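# Remarks on the overall topology
Chain by chain, the residues:
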Amino acid sequence: MNALTAWLERYLLPIAGRIGNQKHLVALRDAFIGTMPATMAGSVAVLINAIIRDLPTQFIDGYDATTIPIFREIIGINGYVWNGTLAIAGLIFAFSLGYNISKAYGVNELAGGIVSLSALIQGIAFSFSTTVETAVPKELVTTINDKFADAGWSATADGLTASGWGWLKLAHLDGNAFFTAMILGFIATIIYAKLMLANVTIKMPEQVPPAVSKAFAAIIPATAALYAIATFNFVFGKLTDGMLFIDWVQKFIAEPLLGLSQGFGAVLLVSILIQLFWFFGIHGMNVLAPVLEGIWGVAQIKNVNLFNEGGVELVKEQGYLWVRGSFDAYTMFGGSGGTLVLIIAILMFSKRADYRAVGKLSLGPGIFNINEPVMFGLPIVLNAIMFIPFILAPVVTTAIGYFATTAGLVNPVSQQVVWVTPPILLSFLATGLDWRAPIVTIICMIVAFFIYAPFVIAANKMVPGNDD
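Residues numbered from 1 in each chain as written. Predicted model: local features only at pLDDT ≥ 70, side-chain atom pairs only at ≥ 80, totals over all residues. Heavy atoms only, no water.

The protein is annotated in an unreviewed UniProt entry as Permease IIC component from Vagococcus fluvialis bH819. UniProt lists a comment for the protein under the heading Function (unreviewed entry), and it reads "The phosphoenolpyruvate-dependent sugar phosphotransferase system (PTS), a major carbohydrate active -transport system, catalyzes the phosphorylation of incoming sugar substrates concomitant with their translocation across the cell membrane." Per UniProt, the protein carries the Subcellular location (unreviewed entry) text "Cell membrane". (UniProt positions renumbered as here; feature names shortened; annotations may be inferred.)

What follows is the structure, given as structure tokens:
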């Protein structure tokens, strides 16, 4: 064990440290965190609709919430909340990304957020065109072309075409925009930040109010950044016969990555890395946040939107089986490593006063998935006897949750639930009120308990202060 610990300290810890302190990755992590007020509000709206609109249909034949006056109005209000949150999650993320990158560089954050948002918007679809092939009488063809051309309608003997400009494509504004924002918004904001730091700015007299001076200082860097992205979009369209970069990213980057994320190997690898980083005192969730949120988080937003459109069946048909919230539901009860059951095992079996004292203090926070007290108080960090169960328990519980979901024993996670929600309740809410999900969580907790318990008992024989 000492040899393994030494090897990990020598090779893994420096890498983890560099990743955890890399300012661009930190900015990316903080950008995802920054979207939480909006995404959680949208998730609450979808969850309320699930409770009053979708859940009763499982038990009451002919139930229709839209015919019930109070419920009908609540559903409508929740629809507005969704419109301004999850429906445009990509826009919110783009601004948050630019803001946090600018903050990392020490330049005007507001202008950076606007630059990143503008870089994304300029490359999305602004028009639509739909053709329906059908036989159209000659007289109707003439009428449509003469009277409705200004409204975007045209007709031939073989079909009708509707087109228009000024329509922003919703699929370019939601979670589908995350990958494009991470590329274009990232590049645009860095160009802006570099020019700001190089003082390529308009300098105003000292008498000018600071807000005005800041805005003028950002004009040249922001303009240069947005023209750079615009030139790229223009050239890219010429080289791809009019294809938008956001569509190319979705097809050749986002979809393959999301597809790979559904494999058990990828899920397991991330679970192990989270635990390894934590064992050395580095917040594994924060280090891997760009991966967790950038891939599985995007998949979760897709599932939430699909649930809003057509319920759990549509999620099963078109959504993803394993998303960001799946880790919380089946692996991280009490925090990374499933440490809530470790605390229970300590309170049941430990004879060590130091372990029991930490266990009592950690139980309350652990119920709400806050495990820093036990991580650093027991500690688990660099505690050789806890290394094996801390790595093994999440591996096993991840496997249980993963295969239960892929086998159809539980619904996929389709709601975004705040991470401090107590275990069991969290999985129930996250799966759209699937009563089977808490059962799977309980099974995971029991299995993890039996993995931790022998090591807690073994620790009774060790002298406090010499756990290595």
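That covers the picture; the talk isn't over yet.
Counting secondary structure elements, the protein contains 21 helices and 3 strands. A principal-axis box enclosing the C-alpha atoms of the protein has dimensions of 90 × 70 × 40 Å. Of all 468 residues assigned to the protein, the portion counted as buried reaches 49%. In the protein, 73% of the contacts between residues at least 6 apart in sequence involve partners at least 24 apart. Of the roughly 21,800 Å² of accessible surface on the protein, a fraction of 68% belongs to carbon and sulfur atoms. Each charge sign in the protein was given a centre, from 24 positive and 27 negative side chains, and these centres are 11 Å apart. (Helix = DSSP H or I, 4+ residues; strand = E, 2+ residues; numbered from the N terminus. Buried < 20%, exposed > 50% of the residue type's maximum accessible area, 1.4 Å probe, protein only. Contact = heavy atoms within 4.5 Å. Areas by Shrake-Rupley, 256 points an atom, 1.4 Å probe, with all protein chains shown as cover. Lys, Arg positive; Asp, Glu negative; His and termini not counted. Charge placed at Lys NZ, Arg CZ, Asp CG, Glu CD.)

A few words on the nonpolar core. Core analysis: the biggest nonpolar cluster contains 100 residues, and F93, Y192, L342 and L378 have the highest contact counts within it. With residues near it in sequence (within four places) discarded, L342 still touches V374, L378, I380, M386, Y452 and V456. In this structure, V46, A87, F307 and L314 belong to the second largest nonpolar core, which totals 10 residues. (Core = buried A, V, L, I, M, F, W, Y, C linked by side-chain atoms within 4.5 Å.)

A grouping of I33, M36, I367, F368, I370, V418, W419 and V420 is seen on the molecular surface, where their side chains present a nonpolar patch of about 620 Å² in accessible area. For M36, the position within the fold is in helix α3 (residues 36–54). (Patch = residues over 30% accessible without salt bridge, like charges linked within 9 Å, V, L, I, M, F, W, Y side chains within 5 Å. Salt bridge = Lys/Arg side-chain N within 4 Å of Asp/Glu carboxyl O.)

A word on the domain arrangement of the protein. As assigned here, the protein comprises domain 1 (27–124 + 171–257), domain 2 (127–167) and domain 3 (263–460). When each unit is reduced to the centre of its C-alpha atoms, the spacing between domain 1 and domain 2 is 34 Å. (Domains from an automatic or database assignment.)

What follows is about the sheet that holds strand β3 (residues 159–165). If you trace the 3 strands from one edge of the open sheet to the other, you get β1-β3-β2, paired in antiparallel fashion. Since the sheet does not close on itself, it has two edges, and those belong to β1 (127–133) and β2 (153–156), each with one partner. On average, adjacent strands in this sheet sit at an angle of 15° to one another, irrespective of strand direction. When β2 meets β3, the two strands line up antiparallel, connected through 4 bridges. Looking across to β3, one finds that W153 is bridged to A162. (Pairing = 2+ DSSP bridges. Axes fitted to C-alpha atoms, helices over the stretch in contact; angles between N-to-C directions.)

A separate point is the packing of aromatic side chains. Any pair of aromatic rings gets described here by the distance separating the centres and the angle formed by the planes. Counting across every chain of the model gives 20 aromatic pairs. Between F349 and F449, the ring centres sit 5.9 Å apart and the planes meet at 45°, which makes this aromatic pair tilted. In this pair, F349 sits in helix α16 (residues 339–349) while F449 sits in helix α21 (residues 436–459), placing the two residues 100 residues apart along the sequence. Centroid distance Y402 to F403: 5.1 Å. Interplanar angle 90°. Geometry classified as edge-to-face. Relative accessible area serves as the criterion here: at 8%, Y402 is assigned to the buried category. Between the NZ or CZ atom of K23 and the centre of the ring of Y105, over which it lies, the distance is 3.9 Å. (Phe/Tyr/Trp six-rings, centres within 6.5 Å; stacked < 30°, edge-to-face > 60°. Lys NZ or Arg CZ within 6 Å of the ring centre and 35° of its normal.)

Attention shifts here to the side chain of N303. With respect to the secondary-structure elements, N303 resides in helix α14 (residues 289–318). Among residues more than four places away in sequence, those in contact with N303 are V315, G319, Y320, V323, P412, V413 and S414.

Our focus in this paragraph is the packing of helix α12 (residues 264–279) against α14. Interhelical geometry of α12 versus α14 gives an angle of 155° and a closest axis separation of 12 Å. Taken together, the axis directions place α12 and α14 in an arrangement best described as roughly antiparallel. Where α12 crosses over α14, the handedness of that crossing is left-handed. Across from A266, V267, V270 and I274 in α12, the residues of α14 making contact are V291, L292 and W296. Class assignment for the residues of the contact of α12 with α14 results in 7 nonpolar, no polar and no charged. (Parallel < 35°, antiparallel > 145°, perpendicular 65-115°, else oblique. Left-handed = near helix turned anticlockwise from the far one by under 90°. Nonpolar A, V, L, I, M, F, W, Y, C, P; charged D, E, K, R; others polar.)

The subject of this paragraph is helix α11 (residues 245–261). Helix length check: α11 (17 residues) gives 22 Å between terminal C-alpha atoms against 24 Å at 1.5 Å per residue, within 8%. Along its length, α11 shows its largest kink, about 35°, at K251. Taken residue by residue, α11 has F245, I246, V249, Q250, A254, L258 and S261 as its buried positions. Residues of α11 that are buried make contact with α6 (109–121), α8 (178–197), α10 (219–239), α12 and α14. (Expected span 1.5 Å × (residues − 1). Bend = angle between axes of the 7 residues up to and from the residue.)

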